[in-house]
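Structure assessment
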Amino acid sequence: PEQERRWIMDGDLDSTYGRGPRVFPEFSRAIHVSKVPLAPFPGRPVIRGGDVGAVGKRIACVARCVDSKGRTYDLREWEEEAVGITDFGWMVRQDCFSLWGQGISYYDFGDPSSMTTVSFTDKRSAADALLEAGIVLAPGIKTQTARRESLARPMTMLLDGKPAYQIDPSCRRL
């Protein structure tokens with residue numbers, strides 16, 4: 001996973017993963033990884049996007065906040081393999097509460113397949129399993145191109161002389 005992340009995000013020539021083009025050639029670790037911890041923008045919701053559709057596989061979530069100018073912060077990431085989707089949802093909720101306290105609004109999105117892909121063990125979709133953790137999942141952006149462009153655009157912008165896209169230094173897999 002680390003070699004894959006380094007190759008995809010950094011185009012790391014030492015990486016042995018893949019041979020195709022970088023997904024985000026706009027990304028620069030020196031520019032886009034914040035030197036200080038990031039926090040949600042006051043009065044703005046935190047958007048949590050998850051890849052939880054593949055029941056029994058690795059599941060992941062990213063917490064993001066966007067201000068009124070379009071500045072985008074990736075605040076936190078979670079990735080688990082040996083945990084159920086409902087437990088993962090509780091873990092993410094607890095971590096968000098521990099980090100940012102009460103008074104934050106959350107909007108939760110997942111891969112559209114998480115709405116319909118059903119587990120063989122309990123016959124529920126990932127979205128249904130997350131309801132038990134109090135997370136109401138909405139379908140996210142469907143196409144890979146639209147997903148990529150939603151991040152590529154702020155990666156190329158400066159707002160008030162600072163990068164419009166920043167990743168919290170705690171995020172190791174982004």
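The structure presented is a predicted model; accordingly, all values stated were derived computationally and were not measured.

1. Considerations on the overall build of the chain
What the chain contains, in helices and strands, is five helices and eight strands. Ordered by position from N to C terminus, the α and β elements of the chain give α-α-β-β-β-α-β-α-β-α-β-β-β. The buried share among the 174 residues of the chain stands at 37%. In the chain, 58% of the contacts between residues at least 6 apart in sequence involve partners at least 24 apart. Summing over all exposed atoms, the chain offers an accessible surface of approximately 10,000 Å²; the carbon and sulfur share of this is 56%.

2. Let's talk about the side chain of E77
Mapped onto the secondary structure, E77 falls in strand 3 (residues 72-80). From its side chain, E77 meets the backbone nitrogen of R172 in a polar contact 2.3 Å long. Among all residues touching E77, those that are not within four sequence positions of it are C61, V62, S170, C171, R172, R173 and L174.

3. Quick notes on the pairing of strand 4 (residues 106-110)
Of the strand pairs in this sheet, strand 1 (residues 46-51) and strand 4 are connected by five bridges, and their pairing is parallel. Of the residues in strand 4, the one forming a bridge with V46 is Y106. By the bridge criterion, three bridges tie strand 4 to strand 5 (residues 137-139) in an arrangement that is parallel. Within strand 5, the residue paired with G110 across the bridge is P139.

4. So, the environment of R93
Position of R93 relative to the elements: it lies in helix 3 (residues 85-100). Residue R93 is classed as partly exposed on the basis of its relative accessible area of 34%. A C-alpha to C-alpha distance of 9.7 Å links R93 and Y106, two positions 13 residues apart in sequence. Apart from the residues lying within four places of it in its own chain, the contact partners of R93 are R48, A133, G134 and I135.

5. Re the pairing of strand 2 (residues 59-66)
Residues in a regular strand project their side chains so that they alternate between the two faces of the sheet. Relative to strand 2, strand 1 runs antiparallel, the two sharing six bridges. Directly across from G50, in strand 2, lies its bridge partner C61. Joining the antiparallel neighbours strand 2 and strand 3 is a turn of five residues, in which G70 adopts a positive phi near 105 degrees.

6. A closer look at the nonpolar core
When a protein is soluble and globular, its nonpolar side chains tend to lie buried together. The biggest cluster of nonpolar side chains holds 22 residues, and the ones touching the most others in it are V52, L75, W78 and F88. Those elements that provide at least two residues to this core are strand 2, strand 3, helix 3 and helix 4 (126-131). By residue number, the principal contributor to this core is helix 3, which donates five residues. With near-sequence residues (within four places) excluded, W78 lies in contact with I59, A60, C61, V62, A63, F88, M91, V92, D95, C96 and R173. Of all hydrophobic cores here, the second largest spans 10 residues; its members include F24, V62, L151 and C171.

7. Concerning the pattern of salt bridges
As a working rule, side chains carrying opposite charge can pair if their charged atoms are close by. Applying the stated criterion across every chain yields a total of seven salt bridges. Ionic pairing is found between R148 and E26, a salt bridge with its closest N-O pair at 2.9 Å. Here R148, found in helix 5 (residues 144-155), pairs with E26, found in the loop between helix 1 (2-10) and helix 2 (29-32); they are 122 residues apart in sequence, far enough to count as distant. Taking the shortest distance from any N to any O, the salt bridge between D160 and R71 comes out at 3.3 Å. Here D160, found in the loop between strand 6 (158-159) and strand 7 (162-163), pairs with R71, found in the loop between strand 2 and strand 3; they are 89 residues apart in sequence, far enough to count as distant. Look at D160 and you get exposed, because its relative accessible area is 57%.

Cut-off values and rules
Starting afresh in each chain, residues are numbered from 1 along the sequence in its written order. Where totals are concerned, whole chains, interfaces and linings use all residues; where local detail is concerned, this predicted model gives features only for residues with pLDDT of at least 70, and gives and counts side-chain atom pairs only at 80 or more. Side-chain metrics rest on all non-hydrogen atoms present in the structure, leaving aside hydrogens and water. Comment: elements are numbered from the N terminus, with helices defined as DSSP H or I runs of at least four residues and strands as E runs of at least two. Each residue's exposure class comes from its accessible area (1.4 Å probe, protein chains only) as a fraction of the maximum for that residue type: buried when under 20%, exposed when over 50%, partly exposed otherwise. Only heavy atoms matter for contacts: two residues are in contact if any of them lie within 4.5 Å across the pair. For the area figures, the Shrake-Rupley method with a 1.4 Å probe applies, and any residue is considered shielded solely by the protein chains shown. Here a polar contact means two N or O atoms within 3.5 Å. Within protein one must be a hydrogen donor candidate and the other an acceptor candidate, and residues neighboring in sequence count only if both atoms are side-chain atoms. The rule for pairing is simple: two strands pair if DSSP sees at least two bridges between them. We define the nonpolar core as a collection of buried residues of types Ala, Val, Leu, Ile, Met, Phe, Trp, Tyr and Cys that are connected through side-chain atoms lying within 4.5 Å of one another. Between Lys or Arg on one side and Asp or Glu on the other, a salt bridge is scored when a side-chain nitrogen of the former is within 4 Å of a carboxyl oxygen of the latter.

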